[in-house]
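Observations on chain architecture
Listed here are the chains, written in short residue letters.
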Amino acid sequence: MAGTLTVWKFDTETGADIAVETLKDLQRQELITVHDAAVVSWAEGAKKPKTRQLNNLAGIGALGGAFWGLLFGILFFIPLIGAAVGAGIGALTGSLTDVGIDDDFIKNLKDKITPGTSALFVLTSDATLDRVHDEFKGQKAELISTNLSHEQEATLRSVFAE
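Keep in mind the model is a prediction, meaning the values are calculated, not measured.

Some details on helix α4 (residues 103–112)
Taken as a whole, α4 has its buried residues at Phe105, Ile106 and Leu109. Seen from one end, α4 has its buried residues packed into an arc of 95°, which puts them on one side. Away from its buried face, by an angle of more than 90 degrees, α4 presents the exposed residues Asp103, Asp104 and Lys107.

Things to note about the nonpolar core
Ranked by internal contacts, the top residues of the largest apolar core, which has 21 residues, are Trp68, Leu71, Phe72, Leu75, Leu109, Ile113 and Phe121. Listing elements by their share of this core, those giving two or more residues are β1 (4–10), β2 (33–41), α2 (65–76), α4 and β4 (118–125). If one sorts the elements of this core by residue count, α2 sits on top with eight residues. With residues up to four places along the chain from it excluded, the contact list for Ile113 reads Val40, Trp42, Phe76, Ala119, Phe121 and Ile144. Residues Phe10, Ile32, Leu57 and Ala141 belong to the second largest nonpolar core, which totals 20 residues.

Some thoughts on the side chain of Asp36
With respect to the helices and strands, Asp36 occurs in strand β2. This buried residue, Asp36, is left without a salt bridge; Arg52 holds the nearest opposite charge, at 11 Å. Looking at Asp36, its side chain comes within polar contact range of the side chain of Gln53, at 3.1 Å.

Let's talk about the pairing of β2
Burial within β2 is extensive, with eight of its nine residues counted as buried. Inspection of the sheet shows β2 paired to β4 by eight bridges, in the antiparallel sense. Each residue of the ladder has a partner; that of Val39, found in β4, is Leu120. Bridge analysis of β2 against strand β3 (residues 50–53) gives four bridges, and the strand direction is antiparallel. Residue pairing for β3: Ser41 is matched across the bridge by Lys50.

Some points on the packing of aromatic side chains
Going through the model one piece at a time under the given rule, you end up with three aromatic pairs. For the ring pair Trp42 and Phe76, a centre distance of 5.7 Å and an interplane angle of 85° mean the geometry is edge-to-face. Residue Trp42 is located in the loop between β2 and β3, and its partner Phe76 is located in helix α2; the two are separated by 34 residues in the primary sequence. A relative accessible area of 12% places Trp42 in the buried class. Ring centres of Phe72 and Phe121 lie 5.0 Å apart, and the angle between their planes is 80°; this geometry places the pair in the edge-to-face category. Placement of Phe72 in helix α2 and of Phe121 in strand β4 is noted, with a sequence separation of 49 residues between them. Both residues of the pair, Phe72 and Phe121, belong to the buried class. Connected via pairs of aromatic rings, a cluster forms that spans Trp42, Phe72, Phe76 and Phe121.

Conventions adopted
- Residues numbered from 1 in each chain as written.
- Predicted model: local features only at pLDDT ≥ 70, side-chain atom pairs only at ≥ 80, totals over all residues.
- Heavy atoms only, no water.
- Buried < 20%, exposed > 50% of the residue type's maximum accessible area, 1.4 Å probe, protein only.
- Helix = DSSP H or I, 4+ residues; strand = E, 2+ residues; numbered from the N terminus.
- Arc of directions from axis to C-beta.
- Core = buried A, V, L, I, M, F, W, Y, C linked by side-chain atoms within 4.5 Å.
- Contact = heavy atoms within 4.5 Å.
- Lys, Arg positive; Asp, Glu negative; His and termini not counted.
- Salt bridge = Lys/Arg side-chain N within 4 Å of Asp/Glu carboxyl O.
- Polar contact = N/O pair within 3.5 Å; in protein donor to acceptor, adjacent residues only side chain to side chain.
- Pairing = 2+ DSSP bridges.
- Phe/Tyr/Trp six-rings, centres within 6.5 Å; stacked < 30°, edge-to-face > 60°.

The structure is reproduced here in structure tokens:
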């Protein structure tokens, strides 16, 4: 399954939740296939963000709780992944790298997802980009990361640029 992992940051702690509703509508209209998704919302003043996997959106090809747990653990609670020992962690971090999740990705997310913000992590395929664009109009989001080609990424960024 070739999927696209994208991370969208919102400047409010509820922005990602609003985007989830839009994503559900798009999926109902069969304009996008959501394989898995998770939301991070970080209240102002909280020590760490709340994270949740969107099981109601997850389909065949879902990454699963272990993937999200590892990713969010690395992002928000584990100071240094290099300190992790054991083949299990090594294999999991190897699979993270396979979908474009490397040290730069982690650092970029750590810098951008801060108290008072939220983020939507979504693994999708078969997106009808122009229709997705129309549905998300007015929701201010910053595309932090994607494993799309440069052309696809440019198209996706233009979706939210308005």
